[in-house]
Structures are given as structure tokens and as C-alpha cells.
Amino acid sequence: MAEMYAVSNNNFMNIRKKSLLDDMKTFLFQNERRISLERAILFTKSHKQTEGEPQIIRRAKATAYILDHVKISIRPGELLVGNRTVRPRSGILSPEMDPYWIMKEMDTIHDRPQDAFYFTEADKRVYREQLLPYWSGRSMKDFINGKIPKNAQKAVDDLVIKLNQTDKGQGHIIMDFQAILNHGVGYYIDLLSRKSAAQPENNFFISAKVIFEAMARHFLRYRKEALQKAKSTEITEARKVELLEMADMCKRLSSQKPQSFYEALQLLWMTSIVGQYESNASSLSLGRMDQYLYPFYKKSVEEGVPGAFIREVLGDFYVKTNDVVLLRSRESAKCFAGFPTGYTVALGGLDQYGQSSVNELSYLMLDLYHSIRLPQPNLSVRINELIPRRFLNKTCETIRLGTGIPQIFNDEVIIPGFLSKGVSLDDARDYAVVGCVETTIPGKTYGLHDIALFNFLRIMEISLYELRDRDDLTFDQLVAYLLKRIDGYVKDVTIGSDIVDLAHREFAPIPFLSALVEDCIDNGKDITEGGARYNFSGVQGIGEANLADSLFVIKKLVFEQHEMKFSELVDALEADFEGKYKNLQNHVIHDFDKYGNDNPEIDMIAAKIFRHYALELGKYRNIRGGEFNAGAYTVSAHIPLGEDVGATPDGRKAHDQLADGGLSPMVGRDRLGPTAVLKSVSKIDNVLCVNGSLLNLKFQPSTLQGSSGIHKFADFLMAFTKLKIRHVQFNVQSRDTLFDAQKHPENYAGLIVRVAGYSAFFVDLNKKIQDDIIARCEHVL
Amino acid sequence: MTRGLVFNIQRYSIHDGTGIRTIVFLKGCPLKCPWCSNPESQGPVRPSVWMKDGAEEPLGKWMSVDEVLHEVEKDEIFYRTSNGGVTLSGGEVLMQADFAAELLKEVKALGISTAIETTGALPLKQIRKVLPYTDQVLFDLKIMDPDKARQIIGEKISTIKQNFEEALNSPAHVIPRIPLIPGYTTPPENLRQIRDYVTGLGIKEIHILPFHQYGSGKYEYLKRSYRLKDTPLLKQEEVNTVKAFFESAQIKTVVSGLE
Ligand code: SF4
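All residue numbers refer to positions counted from 1 along the written sequence of the respective chain. Whichever chain is written first becomes A and whichever ligand is written first becomes 1, with later ones labelled in order. For this predicted model, a pLDDT threshold of at least 70 governs which residues receive local features, and a threshold of 80 or more governs which side-chain atom pairs are given and counted, while totals over whole chains, interfaces and linings are taken from all residues. As a convention, hydrogens and water are excluded, and side-chain values are obtained from all of the structure's heavy atoms.

**Focus on the overall build of chain B**
A count of helical and extended segments in chain B gives nine helices and 11 strands. Oriented by its inertia axes, the alpha-carbon framework of chain B measures out at about 45 × 45 × 35 Å. When checking whether two residues touch, look at their non-hydrogen atoms; a contact exists if any pair is within 4.5 Å. Counted over contacts in chain B with a minimum sequence separation of 6, partners at least 24 positions apart contribute 71%. Accessible surface for chain B amounts to roughly 11,400 Å². Of this, 50% is attributable to carbon and sulfur atoms. Strands here are runs of E lasting at least two residues and helices are runs of H or I lasting at least four, both read from the DSSP assignment and numbered beginning at the N terminus. Note on areas: Shrake-Rupley, 1.4 Å probe, and residue coverage restricted to the protein chains presented here.

Here's what the structure looks like:
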């Protein structure tokens, strides 16, 4: 019966008379967020059947089992199929990675301050009685806990380092979407079959093939679903036509490569969803969509596909990227508040000829954002000296919307950064953004970009207390001591990261994704085995601004002006500036200049320490033979990481937040406006932040008004480009608006603000982070 | 060496001339506008003090041309990308015309755009010193009625007009700026006089600056009363009405310096 409709016609592109994007948006957000155990249960079921087989094959079979059995649905109005869960925005648990954290939070997760989820009593029981007992003792977490050596554990206990990705799949990877779009699913099945026939003992080929075959079947399940839906009497004739076309397309894409923009988007989304089922990871980012989709876009436009249809499909894609939310533990949700799921997209930038690659699709993708305005996809614009002014203006107009999207990345510093790490010129120019603000070479990198956080300020605190009796100390000796302490912890963090790296190799190979990362198929190895072309690990140094401010105060107060002894200063810190030290806090805050005011004396303290750190870290190789790269961003971790540090000489009280962003000045301490901030930040050699950096700037909406406001803003960004600062993002909201939103959240359901490298709904953030964002609004004009 | 008395240097100014600018505020002003948002600059060119947060704070710092250059150069990269530069403001710049001229000359020699913001209340010889080195003149026009102007702000309209016309006859680009101060500059009769005056001289563009309260705190530091404490801000419609009034005479009217 269905075959009657197999001949596709173009009618379906014109049949929708009115855009349904708003309805799709509403559908996504109408219910509370829940935890879904579906993936966990299916995964576990499969695992019980594959006892004794190699881990990579077991994982592949489990992923295939999910693809074959997970409940699927086509939501009202959707033109693209593929939903990770039937119920939108469900949080997914991966007990195979870490079955324990949820046990501690089970009864509080529905009303925790950040990123709450509803967990049904029935599901809790299933979790306690079936999932937990099975995974206890055999999860990745158990492996990590057993393997962490004493010194690395001490660094964790000292609150200096935090290891990430110990409870979920390894994300922060961009698959080679261009390759799968150019070849189709069938090509990979054939290729992997041939490879496997030639090397039957290679488990990677077998595993990858298992998932690609399941992906093809998954497409066919959606075909069936679409046909089923089309039979329903409750749908309109127009919808029926669409569903039949969708069914047809699913059939084609189960083996063939896409022939149109529509098909390309469908395959792209499905690839992303399969990746999600495989690893439940954070940030399987989208890369340079305007580049790899452009040939499809161009072809469709030339073939007369209506613009409205193109917008509708792309809009559907935008909306769907908000369906996948990440369930994190309470601690982790503090660091990554508001669901940064990392559907990050990089637009524009240089091409392999060194020319600007901005095309019509780049414009369309920004333009469409104006009408969708959701936190995902997290659009980024790659800026360089050759950026067309028209595109730059469009970028500025989009930023003016106030949602913090797009963020800006600077080719003029990022490309040299990659070159310095042995990346080829072509590949360096092809970089994209992964996660929030990390940069990677798409389709070629396993970069562990988010593997660990490294708290500079805590190291300083430890050093100060260790030296407190040394009143004979000189400033240079103090700095030398601090640098030595940093070196020690750098070693620890690389050891800790390597354990997590190894754990993913042992427990969580991801053959499907690996097949879409270059050199893995040639090498016959999963990315966790080191199959990728580039193999980095990225460690984020945090607290630079506070560290520089503190050292400057110490230098002046103790060593140059001799106002107090070193030991006395440490006493004051221990007393948290209370009692007789109250005035001292005022004094150090107000009478000493701070990082962010274009004062070279302070800025160079930050620059020297960061350089030392980056070079030291770069001496280490991870277990895949790749370099460790330095990053300088906090996401929202400047709040929890601040909780780990007592009072500091810059006047910061114990447990107060650290400077936000990574390279931003301490909140409220920059007095001279955004040009001075950029100048300070530019003194830290941004080329060294190969893994990523983050700078927040706030602008009053009034400064961007009118065409000359846009022009001056664009000029400001060109100066940013020349100053070779890696990244910047903007919050353009007035404080009044945000205060009002805090008071009347019900009126601001759609208000999106920049958190850190990503945007989130303001009302989804806890009070502390809201306050931080408001505070960051105050001081820039 | 000439020194200037500077009371503030403000970076990233986008409302006072082309591009991104740094404003150098020079101390000293012969007038007494009741709405003045820099009251600390009024009076002779002399350092003074105010009380801020319980502590005495000096106002005004004698700086050499080189010292000021060193400060304004910090944002050079922004001037280059935005065709911005340095604006001298006050107080009244012309009170320190020799210093201003020397500074502007140096800045202009670097290919950086120069501007002054003036009220033109001094004898012509002062403005003549600075005009050769000035690309843009942002010229305040406030109260046109000679008697009121004298009583309320202490200015002589004939001097203002002479200065204005002198600027117009120089190569500098002159933009009249009208602060919209409710009850002072906004009465229709005053606006009409301003419009008639500028149209008569062939002016094609003006800036209007709606009243703000940013300066109110400073009066407390100075222990002076602030007459406009309770004056409400203008509504958007009121600003639009003024804008339309000027535009009806074919004068491009820019609000707050941003088109
Ligand atoms: S001319 Fe300017 S500085 Fe002088 S009193 Fe009037 S507003 Fe104040």
C-alpha cells in the first residue's frame, strides 16, 4: 500500500501554508523535565546478553539494541525525524558510567536549585532494584576510583583539580559530517564490511558496522512510524503528504547519500542522535554547518526549492537541538548551569585558500536565529581580517538581540595556536567550536577538551599558607615558589586526566562516532585507542584574574610599600578580613589597580603565570600520544570553584566567586570600560590558550542602538580581531530587565542570557548565577 | 612645557564624535548651567577637591601633553578600526586653549581624528588657536534668549554666535549639540530660535542630548544643591517631537550621538 506513494513529488514543499515552528517550540517546553530510564534499561538488557564479549562489541550491540527498541515518535509539525526520547527534554542516566551519583540525589533532584528534573517513584524503584545492583562494581566510575594514584587524588582533595567526564560519555567531539553527508549510511556499511572481511580480528570494524546497520534500521523504523501516522484520520491531508514524503526519505537515507538540503539536514540530525544514544555525551557539536551544508543548500536553491521550506526545515533543526538536555549531577550542574548541550555551530571563517568562507547559508543561519531565539544551537561566528562587513554587521545585529548569540572566535589567533601544536595549515583553518568555547579540528580530533579544571587561585592560597612564617621572603621568591607548586599540580592533573582517558578506552569505546573521525577507519582503531588524527587533552586554568590582582596587592602592600608583614597579610586572609582587618579589605579593593584596566604591571603578572602554565602543561603527552593543551575558561565553574578558596589578597572574601569567564576581570573591578578590558586580556598571549578561552563583556542595549551603534560595535570587534584575543561573548541586557525577570520570572519565560560560552533561559538559572550575571552587567558603561 | 589641568580621561566613548573615542576632560568653565553634569569642572582652571565616601578626593591633575598622549594612545587600535580618536571636553576646553591646541596638534599628526566639545563662551582668539587642529567641533547651543542666557547660565549670546560662526568658517566639521533640559532648553520658543539660527547658517545636521541625571551624585560630593534633582527624564515621545521639529526643516537630527 505504502509503495503507491513511493514516487516522490515536490508538492510537499509547498503544502504547508503557515510555518509551524512556533508550535514546535511550544511543544518542546510545555512539560516539566523528567528523567528517562529507557536508554539505561535497554543498554543494561543488552549488556546482560553479551557477557564475556569484548567491551567495544558489547557497547556497539547495546547501542544497536537501543536503536532497535527505543520508543520513537514523530511530533506535530516535524519535518525531520529523530527524537532521543518521546517525551521532550528528558534527562538520560548512564549507569554504566557512574551508577552512584543519582542515588545520593534521587530524592532532591526534582527541586535542586539548578537544572531540576522530575524522577517518578516507579522509575526510582527500577533504578534502585535493577540498574544499581547490576552496575555497582562494574561501572567506569569504579574503574577510575580504583586507578587514581595517590598524588592525583591528593590534588583532587586539595581542591586544586577537578576531573570531568567521569560519569558520562566523552563528548566535545565533532564528527566528520561532511563525510557522511557525501557518502551516506550504506557506504559506511559496505566499507566497514570490506575492512572487517580483510581483518576479521579487528573488533572496531565489527562494532562500527553493527551500529551503522542499526542506524539504517532505525531510519526504517521511522519510515514505518511515518506511514502509520499518515494513516491516522486525525491529520490533515497536507500533513499526510508530508509524512509520506518523510517515510520515503527515511527509506532513501537508510542506504543512500542525501540529494537535497532537506535530506542532508535529516541525515545530519540522525547522525547526531545516534551519537547521543551511543555515548549520552555532552557536546557532540555540529561544526561548520554553513560550510558542509552549502553544496546541498545551493543545489536545492537552484532546483527551485522554496525559501520558506528551507527556513522551515532549518528552523525545525534549530528547535530540535533544544530537545537534548544533559542530566548532570548537582555539582556538575553548578559548573555547567542551564543545559549547555553543546550544539555549537561555527559560522564563516577562513577557508583552505585563506579567504573568507562566508556564504548565503551563513547569512541565513544568523537570520533564522532572529526568529527562533532559543539557547541552542549555540551559534558562533569566526572573525578575521577578511570578514565581509555586511556579515559582521549581521553578526552585530544578532548579538544586539541580547541572547548572547553568536559568540565570536578569532581566526587570527586560533589558527596560529593550532599550527603551534603541529596541526596542518588546512586543518587549522578548518577549526570549529566544540562544547562551549573549546576549539577543535572537526572530524579529525579526539581532544578531551573538557577533561579537567585547574584552580590557580587555590594553588596560590596553599602556597601563601605554606610560606606564612617566611617574613624574609622576597616577592620573586614567592612567585618562584608558586610556579613550582603549579608545576607539581600540572603533573598531577595530567596523571588524573590520563586515568579518565584510559577509563573511557576500557569502558566506553564509541565505534560509531570513531568511524566518523578521520584516521580511525584507516588505523582500524576507536578514538579512545588513539585512532584519531589529533589527540589532545585540555586542562582549564581558572582564577587568573584573581591571582594577578592578588599578587599585585602582595607586591605593593608587603614588598614595596611595606605596609604590613607577609605573615600579617596571611593572618588577615585567615580571618577573612573580619575584625581588625575590615579596613584592609577596603584598602586592597580600592587602592590597588586591578587586572582589566590596561595596567601592564598587573596584566603581565597574569600573562607570565599563564604562559608558564601553558608551556609546562604542553610538556606532557597523554596516553594517545597527544599534547596537553591549556585552556582559560570557567563555564559557570567560577562560582563552585570560588567556594573552594578562602579569602584572597585582592579583597575577595572566602568562598566568593572567582572572576567569571576565564580571561574576564574580576566582577566590578574593571573601571575603564570595554576597550581597557580588551587591552588587558590581549596581554595574555591568547595563542597559548589552544584549548579555549572565554571573555565576557556586557553592553548596555543603548550603546548598540541605530546603524551607527552597530557600526561602532563592528569596529570594536575589528579591534578585538587585531588585538588577537581568542574569544568574546556579549550580554546585551539592561540590569533593570534582569532584576525584573528575577522578581517576575513568569513574565520572562523566553528570556535568554549568556552564561558562559553558551546561552540559557534566565529563569532556568539559580539565584547565585542570576546575581552573577546581573553584577556583570553593572560596570560596562 | 605647557601643562593642562585634566580632571578625567574617559575611554570607549561612542556618543561624542565619529567612531570610538577617548574624552579628555579639561577643568575650568566660566558658565554655570544648572543642569551641568560636570559641576566639578566649573570655575577657574584650578585644582579643587570634593568629599566622596567620606574621603577627600582631589579634582584635576596637571598633565603635560606627553602624559596625556600616553594615556590616549592606549586605545589607538580602536581609533584605527573605527575612525575614532580623541575628544577634548570640559568644563570649557577654550579655558585651556593653548594646551588644547598643542595636544590636538600632536594627536592629529598621528592621523587620529580630533574633536572638541565647546560652548564657545570665550573671546574669539581662544577658539582660533584650536580650530586648525580640530576635525570636528561639537558645539553646544543651549538658551538663545540673550537675557535668559545671561541670567541662567552666564553666557553672552553674541560671543557664542561669533564663536560658532568662526568654527563654521574653519575646515572643521561643526555639529551643533542641544542638551534637552526640561524647562530650560525645551520650551518651543527656544527650540525655534535655535532652529532658525542654524538653518540660517546652512547647518544640515544636529545632535540632541536628552536630559539625564548622571551628574546628580556629584553635587552631593561637592556639597552643593542640585536644582534639577526632581526633574523627570524626557519621554521617548517628547524626544521624538523635538527630533521631528528639527527634521521638518531638513536638518538631520541624531539622538545621543548614535544614529
Ligand atoms: S558649559 Fe558645560 S561644563 Fe560649563 S557649566 Fe555648562 S554644562 Fe557645565
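Anyway, onward from the coordinates.
**Regarding the nonpolar core**
In this structure, Phe212, Met289, Phe454 and Phe730 of chain A are the most contacted members of the largest nonpolar core, which totals 251 residues. In contact with Met289 of chain A, other than residues within four places in its own chain, are Leu265, Leu268, Tyr294, Leu314, Phe317, Val345, Ala346, Leu361 and Met365 of chain A. Here the nonpolar core consists of buried residues drawn from Ala, Val, Leu, Ile, Met, Phe, Trp, Tyr and Cys, with membership extended through side-chain atoms lying within 4.5 Å. Accessible area is worked out with a 1.4 Å probe on protein chains only. A residue is then buried under 20% of its type maximum, exposed over 50%, and partly exposed in between.

**Some points on the confidence of the model for chain B**
The predictor attaches a confidence to each residue, and that confidence, scored 0 to 100, is pLDDT. Summary statistics for chain B give a mean pLDDT of 94 and a share of 100% for residues scoring 70 or more. Predicted confidence in chain B is weakest over helix H8 (residues 216-221) of chain B, with a mean pLDDT of 87, and strongest over helix H4 (residues 124-130) of chain B, with 98.

**Thoughts on the sheet that holds strand E6 (residues 407-410) of chain A**
What links the strands of a sheet is backbone hydrogen bonding, and the strands pair in either a parallel or an antiparallel sense. Residue and element names in this part refer to chain A. A pair of strands is treated as paired once DSSP finds two or more bridges between them. Spatial ordering of the open sheet is given by E4-E5-E6-E14-E13, a layout of five strands whose pairing is mixed. A strand with exactly one partner marks an edge of an open sheet, and here the two such strands are strand E4 (344-348) and strand E13 (696-698). With strand direction ignored, the average angle separating the axes of adjacent strands in the sheet is 30°. Of the pairings in the sheet, the one linking E6 to strand E14 (residues 727-731) comprises two bridges and is antiparallel in character. By the bridge assignment for E14, Phe409 is matched with His727. Axis lines are fitted to C-alpha atoms, over the contacting stretch for helices. Their N-to-C directions set the angle, which ranges from 0 to 180 degrees.

**Some thoughts on the pairing of strand E11 (residues 628-632) of chain A**
Residue and element names in this part refer to chain A. Within E11, five of the five residues are buried, which leaves the element mostly enclosed by the surrounding structure. A two-sided burial pattern is seen for E11, the buried positions comprising Phe628, Ala630 and Ala632 on one face and Asn629 and Gly631 on the other. With four bridges joining them, strand E10 (residues 537-542) and E11 adopt parallel strand pairing. Residue pairing for E11: Val539 is matched across the bridge by Ala630. As defined by bridge partners, E11 adjoins strand E12 (residues 692-693) across two bridges and the pair is classed as parallel. Bridge assignment links Gly631 to a residue of E12, and that residue is Gly692.

**Topic: the sheet that holds strand E10 (residues 205-210) of chain B**
Residue and element names in this part refer to chain B. Pairing is mixed across the open sheet formed by nine strands, whose spatial order is E5-E1-E2-E6-E7-E8-E9-E10-E11. The open sheet has two free edges, formed respectively by strand E5 (61-64) and strand E11 (252-255), since each of these has just one partner strand. Averaged over all pairs of adjacent strands, the angle between their axes in this sheet comes to 30°, without regard to strand direction. Of the strand pairs in this sheet, strand E1 (residues 3-13) and strand E2 (residues 21-26) are connected by five bridges, and their pairing is antiparallel. Bridge pairing in E2 places Val6 opposite Leu26. Relative to the sheet, helix H6 (residues 157-168) contacts strand E8 (136-140) and strand E9 (173-180), its axis offset from that of E9 by approximately 145°. Strands E9, E10 and E11 of the sheet are contacted by helix H9 (residues 236-247), whose axis makes an angle of about 155° with E11.

**Examining the side chain of His47 of chain A**
In this fold, His47 of chain A is placed in helix H2 (residues 38-49). In contact with His47 of chain A, other than residues within four places in its own chain, are Gln55, Arg58, Arg59, Ala62, Tyr134 and Trp135 of chain A.

**Description of the site of the ligand**
If you check the shell around the ligand, you find Cys29, Leu31, Lys32, Cys33, Cys36, Ser41, Gln42, Gly91 and Lys142 of chain B and nothing else. Among the residues making up the shell around the ligand, the classes are represented as four nonpolar, three polar and two charged. Whether a residue is near a molecule or strand depends on its heavy atoms: it is near if one of them lies within 4 Å of it. Residues were grouped as follows: Ala, Val, Leu, Ile, Met, Phe, Trp, Tyr, Cys and Pro as nonpolar; Asp, Glu, Lys and Arg as charged; and all remaining residues, including Gly, as polar.

**Comments concerning the packing of aromatic side chains**
One pair of aromatic rings is described through two measures. These are the centre distance and the angle between the planes. Residue and element names in this part refer to chain A. Side-chain rings of Phe, Tyr and Trp (the six-membered ring for Trp) are treated as a pair once their centres are within 6.5 Å; stacked means planes under 30 degrees apart, edge-to-face means over 60, and tilted covers the remaining angles. In this structure the tally under the stated criterion is 38 aromatic pairs over all chains. Between the aromatic rings of Phe143 and Phe507, the centroid separation amounts to 5.3 Å while the plane-to-plane angle is 55°, which identifies the pairing as tilted. With Phe143 in helix H6 (residues 140-147) and Phe507 in helix H22 (residues 475-507), this pair connects stretches of sequence that are 364 residues apart. Judged by relative accessible area, Phe143 falls into the buried class, the value being 14%. Seen in terms of ring centroids, Phe418 and Tyr431 are 6.4 Å apart; in terms of plane orientation they differ by 35°. Their pairing is tilted. One end of the pair, Phe418, is in helix H19 (residues 411-419); the other, Tyr431, is in the loop between helix H20 (425-429) and strand E7 (432-434), with 13 residues separating them in the sequence.

**Here's the deal with the interface of chain B and chain A**
Opposite the 17 residues of chain B that make contact, chain A presents 24 residues. Summed over both partners, the accessible area lost on bringing two parts together, with a 1.4 Å probe, is the buried area. Summing both partners gives a buried area of about 1,800 Å² for chain B against chain A, and 62% of it is carried by carbon and sulfur. Sorting the residues of chain B by area buried against chain A places Arg11, Tyr12 and Phe78 of chain B first, and these three jointly supply 36% of that buried surface. What makes a salt bridge here is a side-chain nitrogen of Lys or Arg within 4 Å of a carboxyl oxygen of Asp or Glu, nothing more. At the boundary of chain B with chain A, the tally comes to one salt bridge. We note a salt bridge from Asp598 of chain A to Arg11 of chain B, for which the minimum N-O separation is 2.7 Å. Residues adjacent in sequence count toward polar contacts only when both atoms are side-chain atoms; beyond that, a polar contact is any pair of N or O atoms within 3.5 Å, and within protein one must be able to donate a hydrogen and the other to accept it. For the pair chain B and chain A, the number of links is seven residue pairs in polar contact (both at pLDDT 80 or more). Elements represented by at least two residues in the side of chain B that touches chain A include exactly E1 and helix H2 (76-82) of chain B. Among the elements that take part in the side of chain B that touches chain A, H2 of chain B stands out by supplying four residues, more than any other.

**Re the environment of Lys124 of chain A**
All names here are of chain A. If you trace the backbone, Lys124 turns up in helix H5 (residues 121-135). The spacing of Lys124 and Met103 is 21 residues in sequence and 9.0 Å in space, taken between C-alpha atoms. With near-sequence residues (within four places) excluded, Lys124 lies in contact with Met106, Asp107 and Phe119.

**Concerning the pairing of E1 of chain B**
Inspection of the sheet shows E1 of chain B paired to E5 of chain B by four bridges, in the antiparallel sense. What sits directly across from Gly4 of chain B, in E5 of chain B, is Met63 of chain B.

**Quick notes on unusual backbone geometry**
In this structure, Pro406 of chain A follows Ile405 of chain A across a cis peptide bond, with omega equal to 0°. On the secondary structure map, Pro406 of chain A appears in the loop between helix H18 (389-400) and E6. The linkage connecting Gly90 of chain B with the following residue, Gly91 of chain B, adopts the cis geometry, with an omega of 15°. Turning to its location among the elements, Gly91 of chain B is positioned in the loop between strand E6 (85-89) and helix H3 (97-109). Unlike most non-glycine residues, Tyr12 of chain B shows phi in positive territory, near 50°. Structurally, the position occupied by Tyr12 of chain B is in strand E1.

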